[in-house]
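Chain by chain, the residues:
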Amino acid sequence: ESHDSSARSQGHQAQVFRGGLIMNDFAHLSSQAAITHWSWTIAFFLWFAGISGMGMLAYFWVRRRAMAYMVLATAVVGTLLVASHLTRWWNLPAAIFHTLMNFSFNFGSWMLLGILLLCVHCVFGALIAAHHWGVAQRWSQFKWLAVIDKLAVDSRVLIGAGVIGVLVTIYSGFLLTQAIGVPLWNTALIPALWVVSAGAAVLAVIELFALKGWVEHSVAAFGQKLALGVESFKLIMVFAFLHVGMSAASAGARAGASELATGSLAPMMWVGVIGLGVLVPIGVGLLSLKGKASQPLIAAGAVFGLLGGLLLRASVLLAGYFDPLIL
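Since the structure is predicted, the reported quantities are computational estimates derived from the model, not experimental observations.

**A look at the overall build of the protein**
So, step 1. Within the protein, the secondary structure is distributed over 13 helices and zero strands.
So, step 2. For the protein, with 327 residues in total, the buried portion stands at 45%.
So, step 3. Summarising the internal contacts of the protein: among those between residues at least 6 apart in sequence, 77% fall at separations of at least 24.
So, step 4. Carbon and sulfur atoms make up 70% of the accessible area of the protein, which amounts to about 16,600 Å² in all.

See the structure below:
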């Protein structure tokens, strides 16, 4: 009887100890480092990749010099940012050379597929930017440049470029869903949210270009109407993402979503993403439709919309925690 009592006491102490560890894990989840240290560098990559990708899609309808240069610049910057995050980025040229020589590609690697998508996307961006810069006219002695120049205005090529742009945007979100051990990111909502958010950001860029006279105001006026629906849909998707995270079976997903909703990342989410990034552009858009928004106000709404897209990506990255270890 004494032995049974002692065993029950030890079992109770072990249970209390394990419970304490679990509570301790929950208490310290918010202080854990984000997985693979993905933070602002990757947030900027996701932001630039999304703007460039959806910008390429928008270029099919808004074929203007400013759009072409914006697509190429954001594509190159985004590619450089993700390449700089590699462990030995300086070894990348040699690795590419040996891979091409041996034709040994690991097509099961999402990173490889993403880099290939980004490179093809950059080529399309360079092709279109070269057309607007007048490369074929500047170096008319090179006849092959005229052939390339014709490709830049071929609708079939532009449709292919737009498809690649959308795939780049989807990939930038899908990359997160493949991160092992971060349950908050393992949802198909992220790629969809990235596409909608990047679309809203491109519409904001078009508004800024229209204010500078680089894009027709009729295009910007249609973009403002479209942006109201896109921003509203983005707001619904943000709330859906938070709800899915907070109701998930995984403790890590619930903890990450709680950080966004009520924790240390709540100001960034509620003020930056939802307030400045969604509600302000919607408010400015409604005023614009009534003809009551000044140009500075329209510019401010567009800038806040762009900033909200960046903060959305940063907040989701910073909220990505491992599940707590239960011993």
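Having seen the model, we can carry on.
**Some remarks on the side chain of Asp-149**
So, step 1. Looking at the secondary structure, you find Asp-149 in helix α7 (residues 143–151).
So, step 2. Within the buried core, Asp-149 has no salt-bridge partner, and the shortest N-O distance to an opposite charge, that of Lys-150, equals 8.6 Å.

**Observations concerning the environment of Pro-296**
So, step 1. Take Pro-296: it is sitting in helix α13 (residues 295–318).
So, step 2. Put simply, Pro-296 and Leu-211 are 85 residues apart on the chain and 9.2 Å apart in space, counted from C-alpha to C-alpha.

**What to know about the nonpolar core**
So, step 1. Phe-45, Met-67, Leu-176, Trp-185, Trp-194, Leu-260 and Val-316 are the most contacted members of the largest nonpolar core, which totals 73 residues.
So, step 2. The greatest single-element share of this core, amounting to 13 residues, is contributed by helix α9 (residues 189–212).
So, step 3. The residues contacting Phe-45, other than those within four sequence positions of it, are Gly-78, Leu-81, Val-82, Leu-118 and Leu-175.

**Let's talk about the pattern of salt bridges**
So, step 1. All told, the structure shown has three salt bridges when counted by the stated rule.
So, step 2. The shortest N-O distance in the salt bridge between Asp-154 and Arg-156 comes to 3.0 Å.
So, step 3. Looking at Arg-156, the relative accessible area reads 67%, which means it is exposed.
So, step 4. For Glu-231, the salt bridge goes to Lys-234, with nearest N and O atoms at 3.3 Å. Of this pair, Glu-231 and Lys-234 both sit in helix α10 (residues 217–246), three residues apart, which is roughly one turn of the helix.
So, step 5. A residue is classified by how much of its surface remains accessible, and Glu-231, at 5% relative accessible area, is buried.

**Some points on a nonpolar patch on the surface**
So, step 1. On the surface, a cluster of nonpolar side chains totalling about 600 Å² of accessible area is made up of Tyr-69, Trp-133, Trp-139, Phe-142, Trp-144 and Ile-148.
So, step 2. Along the chain, the position of Tyr-69 falls in helix α3 (residues 65–84).
So, step 3. For Tyr-69, a relative accessible area of 31% corresponds to the partly exposed category.

**Observations concerning α3**
So, step 1. The end-to-end C-alpha distance of α3 is 29 Å, a good match for the 28 Å that 20 residues give at a rise of 1.5 Å each.
So, step 2. Of the residues making up α3, those classed as buried are Ala-66, Met-67, Ala-68, Met-70, Val-71, Thr-74, Ala-75, Gly-78, Thr-79, Val-82 and Ala-83.

**Some remarks on the packing of aromatic side chains**
So, step 1. The final tally for this structure, using the stated rule, is nine aromatic pairs.
So, step 2. Taken together, a centroid distance of 5.2 Å and an interplanar angle of 50° make the contact between Trp-47 and Phe-48 tilted. For the residue pair Trp-47 and Phe-48, the accessibility class agrees, reading buried in each case.
So, step 3. The rings of Trp-40, Phe-44, Trp-47 and Phe-48 are connected pair by pair, giving a single aromatic cluster.
So, step 4. Of note, Arg-63 hangs over the ring of Phe-60, and the distance from its end group to the ring centre comes to 4.9 Å.

Calculation criteria
Residues numbered from 1 in each chain as written. Predicted model: local features only at pLDDT ≥ 70, side-chain atom pairs only at ≥ 80, totals over all residues. Heavy atoms only, no water. Helix = DSSP H or I, 4+ residues; strand = E, 2+ residues; numbered from the N terminus. Buried < 20%, exposed > 50% of the residue type's maximum accessible area, 1.4 Å probe, protein only. Contact = heavy atoms within 4.5 Å. Areas by Shrake-Rupley, 256 points an atom, 1.4 Å probe, with all protein chains shown as cover. Lys, Arg positive; Asp, Glu negative; His and termini not counted. Salt bridge = Lys/Arg side-chain N within 4 Å of Asp/Glu carboxyl O. Core = buried A, V, L, I, M, F, W, Y, C linked by side-chain atoms within 4.5 Å. Patch = residues over 30% accessible without salt bridge, like charges linked within 9 Å, V, L, I, M, F, W, Y side chains within 5 Å. Expected span 1.5 Å × (residues − 1). Phe/Tyr/Trp six-rings, centres within 6.5 Å; stacked < 30°, edge-to-face > 60°. Lys NZ or Arg CZ within 6 Å of the ring centre and 35° of its normal.

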